[in-house]
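So the chains spell out like this:
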10 protein chains.
Amino acid sequence: MLFHVTMDVDIPRDLDPAERADTVAREKAYSQDLQRQGKWPHIWRVVGQYSNVSIFDVESADEMHEILWALPLFPFMTVQVTPLCRHPSAI
Amino acid sequence: MLFHVTMDVDIPRDLDPAERADTVAREKAYSQDLQRQGKWPHIWRVVGQYSNVSIFDVESADEMHEILWALPLFPFMTVQVTPLCRHPSAI
Amino acid sequence: MLFHVTMDVDIPRDLDPAERADTVAREKAYSQDLQRQGKWPHIWRVVGQYSNVSIFDVESADEMHEILWALPLFPFMTVQVTPLCRHPSAI
Amino acid sequence: MLFHVTMDVDIPRDLDPAERADTVAREKAYSQDLQRQGKWPHIWRVVGQYSNVSIFDVESADEMHEILWALPLFPFMTVQVTPLCRHPSAI
Amino acid sequence: MLFHVTMDVDIPRDLDPAERADTVAREKAYSQDLQRQGKWPHIWRVVGQYSNVSIFDVESADEMHEILWALPLFPFMTVQVTPLCRHPSAI
Amino acid sequence: MLFHVTMDVDIPRDLDPAERADTVAREKAYSQDLQRQGKWPHIWRVVGQYSNVSIFDVESADEMHEILWALPLFPFMTVQVTPLCRHPSAI
Amino acid sequence: MLFHVTMDVDIPRDLDPAERADTVAREKAYSQDLQRQGKWPHIWRVVGQYSNVSIFDVESADEMHEILWALPLFPFMTVQVTPLCRHPSAI
Amino acid sequence: MLFHVTMDVDIPRDLDPAERADTVAREKAYSQDLQRQGKWPHIWRVVGQYSNVSIFDVESADEMHEILWALPLFPFMTVQVTPLCRHPSAI
Amino acid sequence: MLFHVTMDVDIPRDLDPAERADTVAREKAYSQDLQRQGKWPHIWRVVGQYSNVSIFDVESADEMHEILWALPLFPFMTVQVTPLCRHPSAI
Amino acid sequence: MLFHVTMDVDIPRDLDPAERADTVAREKAYSQDLQRQGKWPHIWRVVGQYSNVSIFDVESADEMHEILWALPLFPFMTVQVTPLCRHPSAI
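Since this is a predicted model, take the numbers as computed values, not measurements. (Residues numbered from 1 in each chain as written. Chains lettered and ligands numbered in written order. Predicted model: local features only at pLDDT ≥ 70, side-chain atom pairs only at ≥ 80, totals over all residues. Heavy atoms only, no water.)

J.: I would appreciate a short explanation of the relation of the copies chain G and chain F in the present structure.
T.: Applying a rotation about an axis and a shift along it to one chain copy brings it onto the other copy. Least-squares fitting of chain G to chain F yields an RMSD of 0.0 Å, with the transformation described by 0.0 Å of translation along the axis and a rotation of 180 degrees. Viewed as a symmetry operation, the transformation between the two copies matches a two-fold axis. Interface overlap between copies: 100% of the residues of chain G at the interface are likewise at the interface in chain F, consistent with a symmetric, same-surface contact. (Least-squares fit on C-alpha atoms with pLDDT ≥ 70 in both. Contact = heavy atoms within 4.5 Å.)

J.: Explanation requested: the packing of aromatic side chains in the structure shown.
T.: Each aromatic ring pair is specified by the distance between its two centres and by the angle formed by the two planes. For the coordinates displayed, the defined rule picks out 30 aromatic pairs over all chains. Aromatic side chains Trp69 of chain A and Phe74 of chain A sit 5.4 Å apart centroid to centroid with 45 degrees between the ring planes, which places their arrangement in the tilted category. On the basis of relative accessible area, Trp69 of chain A is assigned to the partly exposed category, the value being 37%. Residue classification places Phe74 of chain A among the buried positions, given a relative accessible area of 12%. Chaining the aromatic ring pairs together yields one cluster made of Tyr50 of chain A together with Trp69 and Phe74 of chain J. (Phe/Tyr/Trp six-rings, centres within 6.5 Å; stacked < 30°, edge-to-face > 60°. Buried < 20%, exposed > 50% of the residue type's maximum accessible area, 1.4 Å probe, protein only.)

J.: Just checking my understanding: could you explain the interface of chain A and chain B for this structure?
T.: Interface size, as often reported, equals the accessible area lost upon joining of the parts. Contacts between chain A and chain B engage 26 residues on the former and 26 residues on the latter. Here chain A packs against chain B, burying approximately 2,400 Å² in sum over the two surfaces, 68% of which is carbon and sulfur. At the junction of chain A with chain B, the criterion picks out 0 salt bridges. There are 14 residue pairs in polar contact (both at pLDDT 80 or more) connecting chain A and chain B. Looking at the side of chain A that touches chain B, its residues break down into 13 nonpolar, 9 polar and 4 charged. Pairing of strand 2 (residues 42-46) of chain A with strand 4 (residues 77-86) of chain B involves 3 bridges; the strand directions are antiparallel. In the sheet register, Arg45 of chain A faces strand 4 of chain B, and the bridge partner there is Cys85 of chain B. (Buried area = accessible area lost by both parts, 1.4 Å probe. Salt bridge = Lys/Arg side-chain N within 4 Å of Asp/Glu carboxyl O. Polar contact = N/O pair within 3.5 Å; in protein donor to acceptor, adjacent residues only side chain to side chain. Nonpolar A, V, L, I, M, F, W, Y, C, P; charged D, E, K, R; others polar. Pairing = 2+ DSSP bridges. Helix = DSSP H or I, 4+ residues; strand = E, 2+ residues; numbered from the N terminus.)

J.: Where do I start with the sheet that holds strand 1 (residues 2-9) of chain G in this structure?
T.: Sheets are built from strands that pair by backbone hydrogen bonding, the pairs being arranged parallel or antiparallel. Taken together, 8 strands build a closed barrel; the order of strands is 1(G)-3(G)-2(G)-4(I)-1(I)-3(I)-2(I)-4(G) and the barrel is antiparallel. Strand-to-strand twist in this sheet, taken as the mean axis angle between neighbours without regard to direction, amounts to 35 degrees. Alignment of strand 1 of chain G against strand 4 (residues 77-86) of chain G, held across 8 bridges, turns out to be antiparallel. Bridged to Leu2 of chain G within strand 4 of chain G is Leu84 of chain G. Across the sheet, helix 2 (residues 61-69) of chain I touches strand 1 (2-9), strand 3 (51-57) and strand 4 (77-86) of chain I, and the angle it forms with strand 1 of chain I is around 20 degrees. (Axes fitted to C-alpha atoms, helices over the stretch in contact; angles between N-to-C directions.)

J.: Just checking my understanding: could you explain the environment of Val46 of chain C for this structure?
T.: Its place among the elements puts Val46 of chain C in strand 2 (residues 42-46). For Val46 of chain C, a relative accessible area of 12% gives the class buried. Along the sequence, Val46 of chain C and Pro83 of chain C sit 37 residues apart, while their C-alpha atoms lie 20 Å from each other. Ignoring anything within four residues of it in the chain, the contact list for Val46 of chain C reads Ser51, Asn52 and Val53 of chain C, Thr82, Pro83 and Leu84 of chain D together with His65 of chain E.

J.: Just to check I follow, could you spell out helix 1 (residues 17-36) of chain D for this structure?
T.: An α-helical turn contains 3.6 residues, so a residue and the one three or four places further along point in the same direction. All names here are of chain D. Under the 1.5 Å per step criterion, the end-to-end length of helix 1 is 29 Å for 20 residues, consistent within 8% with the ideal 28 Å. The complete set of buried residues in helix 1 reads Thr23, Glu27, Ser31, Gln32, Leu34 and Gln35. Axial view of helix 1: buried residues confined to an arc of 165 degrees, hence all on one face. Across from the buried face of helix 1, at angles greater than 90 degrees, the exposed residues are Ala18 and Arg36. Contacts made by the buried residues of helix 1 are with strand 2 (42-46), helix 2 (61-69) and strand 4 (77-86). Note on helix 1: the residue one or two positions beyond its end, Gly38, has a positive phi of about 85 degrees. (Expected span 1.5 Å × (residues − 1). Arc of directions from axis to C-beta.)

J.: Explain the relation of the copies chain A and chain B to me, please; I cannot follow it from the model alone.
T.: For the pair chain A and chain B, the superposition axis carries a translation of 0.0 Å, the fit reaches an RMSD of 0.0 Å, and the rotation angle comes to 180 degrees. Interface overlap between copies: 100% of the residues of chain A at the interface are likewise at the interface in chain B, consistent with a symmetric, same-surface contact.

J.: Even after reading the chapter, I still don't get the sheet that holds strand 4 of chain D, so can you show me in this structure?
T.: The 8 strands lie next to each other as 1(C)-3(C)-2(C)-4(D)-1(D)-3(D)-2(D)-4(C), forming a closed barrel whose pairing is antiparallel. Pairwise comparison of adjacent strand axes, ignoring direction, gives a mean angle of 35 degrees for this sheet. Bridge count for strand 2 of chain D against strand 3 (residues 51-57) of chain D is 4 bridges, and the pairing is antiparallel. Across the sheet, the residue bridging to Arg45 of chain D is Asn52 of chain D, located in strand 3 of chain D. Packed on one face of the sheet, helix 2 of chain D meets strand 1 (2-9), strand 3 and strand 4 of chain D and runs near 20 degrees to strand 1 of chain D.

J.: Just checking my understanding: could you explain the interface of chain G and chain F for this structure?
T.: Across the contact, 10 residues belong to chain G and 10 residues belong to chain F. Interface area, chain G with chain F, both sides summed: about 730 Å², of which 78% is carbon and sulfur. For the interface between chain G and chain F, the tally reads 0 salt bridges. Looking at the side of chain G that touches chain F, the elements with two or more residues in it are helix 2 (61-69) and strand 4 of chain G. Partitioning the side of chain G that touches chain F into residue classes produces 7 nonpolar, 1 polar and 2 charged.

J.: Please clarify how the side chain of Glu63 of chain I should be interpreted in this entry.
T.: Residues and elements named next belong to chain I. When you line up the elements, Glu63 lands in helix 2. A polar contact is formed between the side chain of Glu63 and the side chain of Lys39, at a distance of 2.7 Å. If near-sequence neighbours (up to four positions away) are discounted, Glu63 is found in contact with Lys39 and Val58.

J.: In this structure, what is going on with the pattern of salt bridges? I would like to understand it.
T.: Side chains bearing opposite charge may pair, as long as their charged atoms lie close to each other. Residue and element names in this part refer to chain H. Counting across every chain of the model gives 30 salt bridges over all chains. A salt bridge links Asp22 to Arg26; the nearest nitrogen and oxygen atoms lie 3.0 Å apart. Here the residue Asp22 and the residue Arg26 both occupy positions in helix 1 (residues 17-37), the gap between them amounting to 4 residues, near one helical turn.

J.: I would appreciate a short explanation of the pairing of strand 3 (residues 51-57) of chain C in the present structure.
T.: The element strand 3 of chain C is extensively covered by neighbouring structure, given that 6 of its 7 residues are classed as buried. With antiparallel pairing between neighbouring strands as the criterion, strand 2 of chain C and strand 3 of chain C make up a hairpin whose turn holds 4 residues, including Gly48 of chain C at a positive phi of roughly 80 degrees.

Structure representation (structure tokens):
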């Protein structure tokens, strides 16, 4: 099943720079692993924002929650989740 | 260039049923033609809403506007347009 | 899978009274049929509102959309859909 | 009487980790005790959020307030309370 | 139990004047009957608005809903309901 | 003259516990004194919130402001003030 | 006592032109009469809006309500009322 | 002096088509005349909206209001006006 | 030209008390100087808020900006600026 | 292609004054360099705000994002980006 997810990132200024760099690197690796598995088929940057728009293709709502909850940047994100389905005009 | 577009449709109750059916049919044909051209690569239905989330891949902002303005259902839509760019974590 | 759905109803004043009564009756029958099937396990009235809060238990996001789209009162409703999953503290 | 309650949790980053773990553990025990008593019949996680949707079945508005006020995580929660009643279509 | 209720009234311009006058008169009688019963102990006009702020003292959430649902002006009102309880500083 | 006032309290976590306890105690005494004088005839707790809904009966807008400004918890409150007048249906 | 009032006017398109002209003329006369009495000491147009910002100086909240309720354009206005008092820096 | 103005247009569906076409034509002529006079130096279309973003360079706030009030489409517009001044980083 | 300005003040709790007192005193002197010059003809306190509503009468938008930017409390204010013009009903 | 961008700046009070001054100076130089290149053709100050309204003329959405992301004050800004196109009434 498909979910549309937006993630707005706001890393606190006082986060230790090494922890920040490590968290961002782990986020990237985590995302790319899920992209390779086909669970995170699309991720786009929103112009001018520290935000992305993503599409997830997962087995269940529980799996969707577990993936998001485990994002290394999750504590610093505002997340919006919208369930999608097939559009009758899609070819 | 890529745009993320949401379209919320609200067709007036008093629209003539034949005109309604014709407009919806023309909307579908118009969308599918643009999908086949590769300009409208994704369209999803939002669960429980008369709304879609779409991704467009067009030459310019002017082309994006012309495509949306010409949607048969445009007069009955609330449209939100967000410019996208490549995400640094995208594979 | 579980969805939390709120439905706010606003039937236009100028709807023919017989059509109104028929639509409300069909809505009730439709809801009760889904309740009996176990797909709509909870429905509550919000105090002081022509609104309900409901829980649905369906096979997929597509089924959720089809159920909502087919509600007799759907054209007169504002619907909000929130996907749910198991809470770690639930017994 | 029934209340629909949403709880959005936002634990401050600088809370002592031991205090955080203890508070979360006490919250879970407190919730499960009320679930076993039948006062908190439903709790669901909202997908992608540190939030829950809950249904409470209590004797009075005062009891509802006392239960929420005593939640170990209450100081870190945004709470919304909606009174419910029987829906005329409920079977 | 106590509820705080706000009612914002917006009577459509095209309502028949006799029906309007009759509905407003029935609203007044209905309110005064409930005030005399002690179920609607307070009603105030909000300055500059066709709105009131009211306090209700009823047996249950179901009774609260039935009272509001039966207001002659209910179809033309936006209603907000907030459950109240005793304040620890109240004398 | 009558004012409807809502007060939402948010005491900072890092306030010294003794100062917190003292401020809350002074708030209670201040409120009860005004209740006894008849200037603060109603105060209710909002269920599930660190908030109250109050009715004040004062000589003037200036007196209303002075009373609120002097609340011991004022620096930690979000306050909303609505002027009331007699409702034509009040008995 | 002083009130700050904003009035946003939205006259329906289908109002009879003679009734519209008459209502606007009565509004002007009504306003100017209150200005001459000193009860409506300031009225300004908001640039680019069919709106005004006004200051009223009245005896009571009841008088403020009666003045606004009797505005010929009141049925077509959205009104916001804010009570004012003396500012400690005012000379 | 400079003003930033956004105009969102919503022409009612039931406007007579000839009146609609005439109003739109007069709006265009009116705008182009002001552009030629240098009073309306910039006008852009917002992608996907029946809206524009404009910059005006006028003598006074009164002139700004008169220009907007006289727009042929003014009755069908939502207008936002923001006063601008020189930016210290502008070259 | 006239501007309507609202200023909501929120001085951080951790500001040094002497700096706080000095800033508030400088704000008062600054305001009274501009009032005496006729540039700040009205300032009112909003009941129950650390806010004012003010009217400014200045030469230009640039002067308006410079006056606001130089307010001693400006870093702790949320400011809203609305340009005003003569109302056709003003006497 | 053209973008309309608003930037609201909120520099934390506890930023080191030298770092603050340096960041603001680098922001100014960065902006003026892009203005000279023709990529940032307009920047205006919003009256009474630490905000600007800007127009950018860039090659692509990716270039727009890179320019904004590299603003020295970007971490302290709230940015809104709106794609523009040619208006049919523009001369």
